[in-house]
Amino acid sequence: GENVEQHPSTLSVQEGDSAVIKCTYSDSASNYFPWYKQELGKGPQLIIDIRSNVGEKKDQRIAVTLNKTAKHFSLHITETQPEDSAVYFCAASINGGYQKVTFGTGTKLQVIP
Amino acid sequence: SAVISQKPSRDICQRGTSLTIQCQVDSQVTMMFWYRQQPGQSLTLIATANQGSEATYESGFVIDKFPISRPNLTFSTLTVSNMSPEDSSIYLCSVGTNSYNEQFFGPGTRLTVL
């Protein structure tokens, strides 16, 4: 089955700096890669996703990149703000019909004011 | 995206008892799932709740321990049976609304077993 590794497990950045979280996956058939943000006491929230037909996707301060050859994808947050502090999960699955979504181990991001 | 609610939001239960968690969606959805998130850990899929038929369980999870119902396209329940302290976790309901595997999560139920 699919295996998703995520690094780092914790990340502290100064407000205004950028944060990068990296994930690797094992199943070359995976072609859908969502990212979730989980704030304390809440359920995970889908913040951005990317499919294998593109290499990069951007939404305001958040961007994701995908390298299918190397089987890794990354989340980039620019101009970080204290409200970005949360746990972030990457995930991977195979598009089409329903295929199981496999989650990474999570990254706890702390943005220091 | 769909609006998902869960009841209860949290509970403290005694060992050996059972708790039923409800998941309600504000629109009809094709897929509903139940996840467990142990303290400080990632999300682990327990089962896919199938409307009108038995749930599909992942390896390591069995129906006797986690019975699931899904009577219609907007509602599902997960029961945690004969609880032990190891069952203390956040239980999350999620829904899939299209074929692209996008999933949206409910707020979770925080369960503590004493």
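On a predicted model such as this, the values are computed, not experimentally measured, just so you know.

(A) Region of interest: the layout of surface pockets. Of the voids in this model, the largest pocket is the one considered here, and its volume is about 650 Å³. Gln38, Leu40 and Val87 of chain A together with Gln37 and Gly40 of chain B are the residues nearest the centre of the largest pocket, which is lined by 31 residues in total. Here the lining of the largest pocket gets four residues from one element, more than from any other, and that element is strand S11 (residues 107-112) of chain A. Tallied by class, the residues present in the lining of the largest pocket amount to nine nonpolar, 16 polar and six charged.

(B) Looking closely at the side chain of Gln103 of chain B. Along the chain, the position of Gln103 of chain B falls in strand S10 (residues 103-105). Relative accessible area serves as the criterion here: at 1%, Gln103 of chain B is assigned to the buried category.

(C) Local environment of the sheet that holds strand S3 (residues 19-25) of chain B. Residues and elements named next belong to chain B. Taken in spatial order, the four strands line up as S1-S3-S8-S7 in an open sheet, and their pairing is antiparallel. Since the sheet does not close on itself, it has two edges, and those belong to strand S1 (4-7) and strand S7 (68-72), each with one partner. Pairwise comparison of adjacent strand axes, ignoring direction, gives a mean angle of 15° for this sheet.

(D) The sheet that holds strand S8 (residues 72-77) of chain A, seen in detail. All names here are of chain A. One open sheet accounts for five strands, arranged S1-S3-S8-S7-S6; its pairing is antiparallel. In the strand order of this sheet, the two ends are held by strand S1 (4-7) and strand S6 (56-59), each with one partner. Across the sheet, the mean angle separating the axes of adjacent strands is 15° when strand polarity is ignored. Bridge count between S6 and strand S7 (residues 62-67): four bridges; the pairing is antiparallel. Bridge pairing links Glu56 to Thr65 in S7.

(E) Up close: the interface of chain A and chain B. In this assembly, 23 residues from chain A lie in contact with 20 residues from chain B. For the pair chain A and chain B, the two sides together bury roughly 1,700 Å², of which 53% comes from carbon and sulfur. Our count for the chain A to chain B interface comes out at two salt bridges. For the side of chain A that touches chain B, the elements supplying multiple residues, two or more each, are strand S4 (32-38) and strand S5 (45-51) of chain A.

Conventions adopted
- Residues numbered from 1 in each chain as written.
- Chains lettered and ligands numbered in written order.
- Predicted model: local features only at pLDDT ≥ 70, side-chain atom pairs only at ≥ 80, totals over all residues.
- Heavy atoms only, no water.
- 1 Å grid on protein atoms, 1.4 Å probe; cavity = no way out; pocket = protein on both sides within 12 Å on 5 of 7 lines; lining within 4 Å.
- Points joined across faces, edges and corners; volume = space filled by probe spheres on them.
- Helix = DSSP H or I, 4+ residues; strand = E, 2+ residues; numbered from the N terminus.
- Nonpolar A, V, L, I, M, F, W, Y, C, P; charged D, E, K, R; others polar.
- Buried < 20%, exposed > 50% of the residue type's maximum accessible area, 1.4 Å probe, protein only.
- Pairing = 2+ DSSP bridges.
- Axes fitted to C-alpha atoms, helices over the stretch in contact; angles between N-to-C directions.
- Contact = heavy atoms within 4.5 Å.
- Buried area = accessible area lost by both parts, 1.4 Å probe.
- Salt bridge = Lys/Arg side-chain N within 4 Å of Asp/Glu carboxyl O.

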